Amino acid sequence: ETGVTQSPTHLIKTRGQQVTLRCSSQSGHNTVSWYQQALGQGPQFIFQYYREEENGRGNFPPRFSGLQFPNYSSELNVNALELDDSALYLCASSWRGPTYEQYFGPGTRLTVT
Amino acid sequence: KQEVTQIPAALSVPEGENLVLNCSFTDSAIYNLQWFRQDPGKGLTSLLLIQSSQREQTSGRLNASLDKSSGRSTLYIAASQPGDSATYLCAVKDYGQNFVFGPGTRLSVLP
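Residues numbered from 1 in each chain as written. Chains lettered and ligands numbered in written order. Predicted model: local features only at pLDDT ≥ 70, side-chain atom pairs only at ≥ 80, totals over all residues. Heavy atoms only, no water.

### Describing the overall build of chain A
Item 1. Within chain A one finds zero helices and 11 strands.
Item 2. Starting at the N terminus and walking to the C terminus, you meet the elements of chain A as β-β-β-β-β-β-β-β-β-β-β.
Item 3. Compactness check: chain A gives a C-alpha radius of gyration of 13 Å against a globular reference of 13 Å for 113 residues, within 12% of the reference.
Item 4. Taking the principal axes of the C-alpha coordinates as reference, chain A spans close to 40 × 25 × 25 Å.
Item 5. Within chain A, the fraction of its 113 residues that count as buried is 50%. (Helix = DSSP H or I, 4+ residues; strand = E, 2+ residues; numbered from the N terminus. Rg over C-alpha atoms; globule rule 2.2 N^0.38 Å. Buried < 20%, exposed > 50% of the residue type's maximum accessible area, 1.4 Å probe, protein only.)

### Thoughts on the state of the cysteines
All names here are of chain B.
Item 1. Under the defined criterion, the tally for this structure stands at two disulfides over all chains.
Item 2. Note that Cys-23 is cross-linked by a disulfide to Cys-90, the S-S spacing being 2.0 Å. In this structure, the disulfide formed by Cys-23 and Cys-90 twists by about 80° around the S-S bond and is classed as right-handed. Placement of Cys-23 in strand β3 (residues 19–25) and of Cys-90 in strand β9 (residues 86–93) is noted, with a sequence separation of 67 residues between them. This pair shows no difference in class: Cys-23 is buried, exactly as Cys-90 is. (Disulfide = S-S within 2.5 Å.)

### Let's talk about the sheet that holds strand β8 (residues 74–78) of chain A
In a beta sheet, neighbouring strands are held together by backbone hydrogen bonds and run either parallel or antiparallel to one another.
Residues and elements named next belong to chain A.
Item 1. Sheet architecture is open: four strands sit in the order β1-β3-β8-β7, paired in antiparallel fashion. With one partner strand each, in any of the chains shown, β1 (5–7) and β7 (64–68) form the two edges of the open sheet. In this sheet, neighbouring strand axes are inclined to one another by 20° on average, regardless of whether the strands run parallel or antiparallel.
Item 2. Bridging between strand β3 (residues 19–24) and β8 involves five bridges; their strand directions are antiparallel. Across the sheet, the residue bridging to Arg-22 is Glu-75, located in β8. (Pairing = 2+ DSSP bridges. Axes fitted to C-alpha atoms, helices over the stretch in contact; angles between N-to-C directions.)

### Quick look at unusual backbone geometry
Item 1. With omega at -10°, the peptide bond leading from Ser-7 of chain A into Pro-8 of chain A counts as cis.
Item 2. Of the consecutive residues Ile-7 of chain B and Pro-8 of chain B, the connecting peptide bond is found in the cis state with omega at 0°.
Item 3. Within the chain, Arg-51 of chain A stands out as a residue other than glycine whose phi angle is a positive 50°.
Item 4. Its location among the elements puts Arg-51 of chain A in the loop between β5 (44–50) and β6 (53–57).
Item 5. Arg-51 of chain A gets classed as exposed once you look at its relative accessible area, which sits at 61%.

### A few points about the sheet that holds strand β1 (residues 4–7) of chain B
Residue and element names in this part refer to chain B.
Item 1. With antiparallel pairing, five strands are arranged side by side in an open sheet as β1-β3-β8-β7-β6. The open sheet has two edge strands with one neighbour each: β1 and β6 (56–59). For this sheet the average axis-to-axis angle between neighbouring strands, irrespective of direction, equals 15°.
Item 2. As paired strands, β3 and strand β8 (residues 72–77) are joined by six bridges and run antiparallel to one another. Looking at the pairing, Leu-19 lines up with Ile-77 of β8.

### Quick word on the pairing of β6 of chain B
Item 1. For β6 of chain B and strand β7 (residues 62–67) of chain B, the ladder comprises four bridges, and the chain directions are antiparallel. Bridging from a neighbouring strand, Glu-56 of chain B pairs with Ser-65 of chain B of β7 of chain B.

### Observations concerning the confidence of the model for chain B
Item 1. Looking at chain B, pLDDT values average 95 and 100% of them are 70 or higher.
Item 2. Per-element averaging of pLDDT across chain B places strand β10 (residues 99–101) of chain B at the bottom with 92 and β8 of chain B at the top with 98. (pLDDT = per-residue confidence, 0-100.)

### Section: the nonpolar core
Item 1. By size, the foremost hydrophobic cluster in this structure holds 23 residues, and its most contacted members are Leu-33, Trp-35, Leu-75, Ile-77 and Tyr-88 of chain B.
Item 2. Contributing elements (two or more residues each) for this core: β3, β4 (32–38), β5 (44–51), β7, β8, β9 and β11 (105–110) of chain B.
Item 3. Among the nonpolar cores identified, the runner-up in size contains 19 residues, and Leu-21, Phe-47, Phe-60 and Cys-91 of chain A belong to it. (Core = buried A, V, L, I, M, F, W, Y, C linked by side-chain atoms within 4.5 Å.)

Structure follows, in structure tokens:
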């Protein structure tokens, strides 16, 4: 069974640029959620994708957008990067079933300068 | 709006001690509660998941309880080991698609 993978591991961008982060779901999972974790804080829910559609969203502006593909992998896109976007971005996959237990990837560390 | 808090923020104990980590949430209408472990700069590892209809779950030296009416969950770690040193996070899911995490408890177990 393959776990959740994310790429890249680290990324450095300049304010105003755009970035795309990628996530491959755990085998058999059909739902992907994205989180932003600032240093020393708990993860903040960005949004969730199910069957290639956004299925729930936290308190994040529209410049945070995503995609889910037929193989259940996913992308997180952030436009017009701001310094406060510097964080660890976590992807979690789950099976949309009775438990919704989430399994997390190792994360992508984004630094905006 | 659901809010999740965790007490204490940090904890340092000698090896072998039994310890309790606390998680509180403001809205009792939760679908489930999940406890995670996070090593520095890493992703989250799921430890235990408690459905809203359950009172507790156990895995090895870990036991988690849930009291929905009081908005509390506790994670009990028996016979702590240096390898248990990490940040422990709790997260609640509502009946929509919202997941809310607490800020975590940073645990250090000293040899």
